Structure formats: structure tokens, C-alpha cells
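Summary of the model geometry
Okay, here's what each chain looks like letter by letter:
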Amino acid sequence: MGKRIRNVYIVHHSHTDVGYTDLQERVIYSQAQNIRTAVELIRKGRAEGLPWKNLKWNCETAYCVERFWEIASPEEKRDFFDLVKAGAIGISANWLNFNDLVDCGMLEHKTAEFVSAFAREGICVKTAMHADINGISLGARDAMLRNGIEFLYMNIHTHHGMYPLYQNQRPFFWENEDGKRMLVWNGEHYNLGNALGIVFSKNVNFMTENYFGKNGSDEPMHRLYRNLTASIREYEESGYPYDFYITSVSGVFSDNAPVNPAIATVAEEFNARYGEEVRLQMVTLQELFDLIREETADAPEYRGAINDWWATAPAARPGR
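Scoring rules and cut-offs
- Residues numbered from 1 in each chain as written.
- Predicted model: local features only at pLDDT ≥ 70, side-chain atom pairs only at ≥ 80, totals over all residues.
- Heavy atoms only, no water.
- Phe/Tyr/Trp six-rings, centres within 6.5 Å; stacked < 30°, edge-to-face > 60°.
- Helix = DSSP H or I, 4+ residues; strand = E, 2+ residues; numbered from the N terminus.
- Buried < 20%, exposed > 50% of the residue type's maximum accessible area, 1.4 Å probe, protein only.
- Pairing = 2+ DSSP bridges.
- Axes fitted to C-alpha atoms, helices over the stretch in contact; angles between N-to-C directions.
- Parallel < 35°, antiparallel > 145°, perpendicular 65-115°, else oblique.
- Left-handed = near helix turned anticlockwise from the far one by under 90°.
- Contact = heavy atoms within 4.5 Å.
- Nonpolar A, V, L, I, M, F, W, Y, C, P; charged D, E, K, R; others polar.

Summed over all chains, the structure comprises 23 aromatic pairs. Ring plane angle 35° and centroid distance 5.8 Å describe the contact between tryptophan 69 and phenylalanine 81, whose orientation is recorded as tilted. Taken together, the residues tryptophan 69 in helix α2 (residues 62-71) and phenylalanine 81 in helix α3 (residues 74-85) connect sequence positions 12 residues apart. Both residues of the pair, tryptophan 69 and phenylalanine 81, belong to the buried class.

The next subject is the sheet that holds strand β6 (residues 170-175). Read across the open sheet, the five strands follow the order β4-β5-β7-β6-β10; overall the sheet is mixed. Looking at strand neighbours, the two that pair on one side only are β4 (127-131) and β10 (301-302), the edges of this open sheet. In terms of strand pairing, strand β5 (residues 151-155) meets strand β7 (residues 181-187) through five bridges, oriented parallel. Each residue of the ladder has a partner; that of asparagine 155, found in β7, is glycine 187.

Most of strand β1 (residues 7-12) is tucked away, with five of its six residues classed as buried. Pairing of β1 with strand β8 (residues 244-249) involves six bridges; the strand directions are parallel. By the bridge assignment for β8, valine 11 is matched with serine 248.

The N-to-C vectors of α2 and helix α4 (residues 104-119) enclose an angle of 55°; their axes lie 11 Å apart at closest approach. Between α2 and α4, the angle is such that the two are oblique. Relative to α4, α2 is oriented so that their crossing is left-handed. On α4, the residues touching Ala62, Val65, Glu66 and Trp69 of α2 are Lys110, Glu113, Phe114, Ala117 and Phe118. The residue makeup of the contact of α2 with α4, split by class, is six nonpolar, no polar and three charged.

Right, here's the structure in full:
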């Protein structure tokens, strides 16, 4: 048996997949609008004490932040940076979710440019997020390490890739040839929170059925509790060694999804009902890193590429 899981950390984001759900230009515009909407909702919720006052948002890719900056007013940019500093908006230094074919020089240039833009605002970017593409290249790792990234939060695509190292949530340190390393959290599917029911929906799709069966007739909050506790029990029985559980969630069960303030109100109501047993907490990427870094300090170390089922490359080998 593993440790008793008491805390569930929720990473609210929109998975960036340019061209998958719509024309590329429309997806790019929608992703920039997602950030604009998140800034407005969070600012207003905090200022007016609205039901979603504890809403948090994570910008999954640097590319979408750059597109937001292009359309944002000076006031919106100021609010954006203020909310990043306040711990309400999380930042990822990953430019886009690539496979291992992208040019390393381009990754180095874009990562440095992005990190520098935040440094000019007095913000140190240490985190990155990578979802859906199950692998990430050595060049991406090195570009992040050279630019001060200390934590990479990954969410797999389970339909073909399944779980590296045979565990569905696992931390490890990814080390380069110079001995520099970052903490990597290899997490579940990037819509796990949607399958759990953190976003209430009457629709039961293949992923929800695959994870939790076809029983979707009970009251939504109880269904969330039932699904979550069943998943937690599976973790504990498998020897999972941590007292926390991490799940990503999108505003709707889709790529390129909008921000959803109801997630914050669901978390608050869930905690009022079931908080003595397990608590939900929305987090930014930086906050997540701060919460788990001590507990994961003894995670194993690996070298080599984290290869992806979309690319045909040899399997990565443990470094030591």
C-alpha cells in the first residue's frame, strides 16, 4: 500500500493543438482569447469576491502567450503580468508541443526570448508543460535547462502511447551530459480531470467509460467523488508513494478549450462536502512545483530522449 492521498492538485489549462479542432488561424485566435478571458475573469473574481475568486489558469504553451501579447491592450498586459506575479496564472516555457523533429536552434532561440520577456517584468520562469505528444527531444530538454527551467509537467496521450516506465504518474530527474537536471512529472492524460467529472457534463465519452465505466446517472458532485476516490484507491493499492494526486482539466472535454470558472466553484463545493477526506486545490505550474519538490527530491535520474509513439526512434535508456 502507498501513502494515503489527501490532496488533489488541479492544473486548469487549454491543450494547444493548432489546426486540430478548427482552421489554424481560428485556433490561434481562440487561444489568445482564452488568455484574455482568463485575465478578465480572474481579475474580476478577485476584485469582486465572485464565486470563482480562487480561479487559476495555466498557459500551456509560450506560443499562445505571444499571440495574446499581440492583441492585448497595455492594461491587459499589465493585468496579465500582475496575475502571474500573484500566482493566479501559470507560465510554461514550452513553445509548442512538438515531436523530436523540430530544429534545436529554433527551440533555444524561442525559449530564451520568452524567458527574457518575463525577466524584464521581474518574473523568473522556471516551469514548462508538455501535453499529448508523449515524448520530448534532447534538444528541447537542453534548451529548457540552458534557460533556467527546473520543472517540466508532462501529460501523456493514452490512446496509443500508454505509460512510460509502467506507472501512470511518476516523477524523475532528467539529466543532461553536463550534469544539469530538471524535475519531470510524467502525468496522466491531459483531460483526466474532465473524465473524473470536475467539469460537470451529461455526456459520457469513450475516455470516461474506459477509466470509470458507464454509470453516469448519479448526482454530478457525487459522481466526481465516486470517480476520484476510486482512482485514488487504485493509486494507493499500487504503492504510489505520495500523499497528493495531480490532474489536468480543460474548460470542456476538448483540445483548445476555453477557461471555465465553474471549476473553481466545483472545487469549493467539493471541499465543503468531502474536504475532511480529500481536498481539491487549483494550482499554477510554479505552485505545483513548489508543493511537490521536497517530496520528489529522491526521484530517480534518467538520461536520453523521452521518445514518442509518433516518432520512430530507439527507446531511451536509464542514465544510472
